[in-house]
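# Fold and geometry: a report
In case you want the letters, here they are:
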Amino acid sequence: MRTTTGWQSLDPATNALTRVTIERRDLRPDDIAVRIDYCGVCHSDLHRIHGMLGEKDLVPGHEATGVVVAVGEAVTRFAVGERVAIGTIVDSCGQCAMCLAGQENYCYNRATTTYGGTDRVDGTPTKGAYSREYVLREKFAFHLPDGLDPAAASPLMCAGVSVWEPMRAAGVGPGSRVAVAGLGGLGHLAVKLAAALGAEVTVLSRSTAKEPDARRLGASDLLVTTDDAQVSAATGRFDFILDTISGDHELTPLIGMLGLDGTLCVLGNPLLTGPRLWELGAGRKKLTSSGTGGLRQTAEMLEFCAEHGITADVEVLPSSKVETALNRLATGDVRYRFVLDMSDLDTPAA
């Protein structure tokens, strides 16, 4: 077995993680070992640390960048020293209709998640990238394009592809009228990506406080959702609305802003109760959601981001400050994504 060091949640009542030694498997023929340099802090990490899925003793982390340090004997796509990105899934059955369609994230036999999952070969629990080394199949690793800063690129592997895939599925491009509800970790990347795709982008927010940021990120307008007059004037205005709001909220006002055949994609809080069907029927509107991305779409997103110079707006903290990051994330005190620098794990624990 290989060993490394990482941060584990031992008490779901707190955001304090404990530095521990982690066992990684010896490399299988198609495995690579990656030194994790940076890992983004996702809101889902916070939820799962606190037991959303009933898990215990998690090592979180599923948006990471690093460098290959070892390869299995059958590896052909990577060499030692190459830059790598790791996302939310590290295996799938490879045989079901979803996998064959390049949507491994929707594997009918359950994709293996980067943490909190079950290894398909030996049945051990997967432990995430809040650690200094990760071992995975080369098929599920991605080349990190030259020119992308590894710290700022790490959130692309969850937040980025989570907004990219539904926009591509909806055909967002030149002439599209897109609204992004919520300007946070997902929302700020959605604005950047939609604008780069050629869409006319509006941010939906409860106040004008983030209007300068919205315009800097590429939006042409900000609509204040607490202003009834602005909401009423926006009836039928948008072709596609990406809802990244994490808290409970009503979907009816957003549906009202959709035009004929418009789509509302709910990402931030997919546990929300759905609308009454007649609200969708008045205009053939569509309500959908999405879950991260498949291998093909993720690779395409990374190349698109490299071509357009798109990364997340990040605040980088040493990994020893993970509790600080989680506490501030819980209160919304971040613009727009925390990233942990894992290099401090090379220093012996105090």
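Before reading on, note that the structure itself is shown above.
This report concerns the structure included in the present document. Being a predicted model, the structure only gives us computed values, none of them experimental. (Residues numbered from 1 in each chain as written. Predicted model: local features only at pLDDT ≥ 70, side-chain atom pairs only at ≥ 80, totals over all residues. Heavy atoms only, no water.)

For the rest of this paragraph, the subject is helix H10 (residues 295-308). For H10, with 14 residues, the first-to-last C-alpha span of 20 Å sits near the 20 Å given by 1.5 Å per residue. Within the span of H10, buried status applies to Leu295, Gln297, Thr298, Met301, Leu302, Phe304 and Cys305. In this fold, the buried residues of H10 make contact with strand E9 (141-143), helix H4 (159-169) and helix H5 (185-196). Among the residues trailing H10, Gly309 stands out with phi positive, at a value near 65°. (Helix = DSSP H or I, 4+ residues; strand = E, 2+ residues; numbered from the N terminus. Expected span 1.5 Å × (residues − 1). Buried < 20%, exposed > 50% of the residue type's maximum accessible area, 1.4 Å probe, protein only. Contact = heavy atoms within 4.5 Å.)

Once that is clear, we can look at the layout of surface pockets. What the second largest pocket holds in volume is close to 360 Å³. Surrounding the second largest pocket, 19 residues form its lining, Glu23, Arg25, Thr124, Pro125 and Thr126 being those nearest its centre. Looking at the lining of the second largest pocket, the elements with two or more residues in it are strand E2 (18-24), strand E6 (89-91) and strand E8 (133-137). Broken down by element, the residue count for the lining of the second largest pocket peaks at 4 residues, all from E8. When its residues are assigned to classes, the lining of the second largest pocket shows 6 nonpolar, 3 polar and 10 charged. (1 Å grid on protein atoms, 1.4 Å probe; cavity = no way out; pocket = protein on both sides within 12 Å on 5 of 7 lines; lining within 4 Å. Points joined across faces, edges and corners; volume = space filled by probe spheres on them. Nonpolar A, V, L, I, M, F, W, Y, C, P; charged D, E, K, R; others polar.)

This part takes up the pattern of salt bridges. Pairing is possible between side chains of opposite charge, provided their charged atoms come close. The full count for this structure, using the stated rule, is 25 salt bridges. Across the salt bridge formed by Asp37 and Arg35, the nearest N and O atoms sit 2.7 Å from each other. For Asp37, a relative accessible area of 15% corresponds to the buried category. What makes Arg35 partly exposed here is its relative accessible area of 32%. (Salt bridge = Lys/Arg side-chain N within 4 Å of Asp/Glu carboxyl O.)

Keep in mind these values describe shape, not function.
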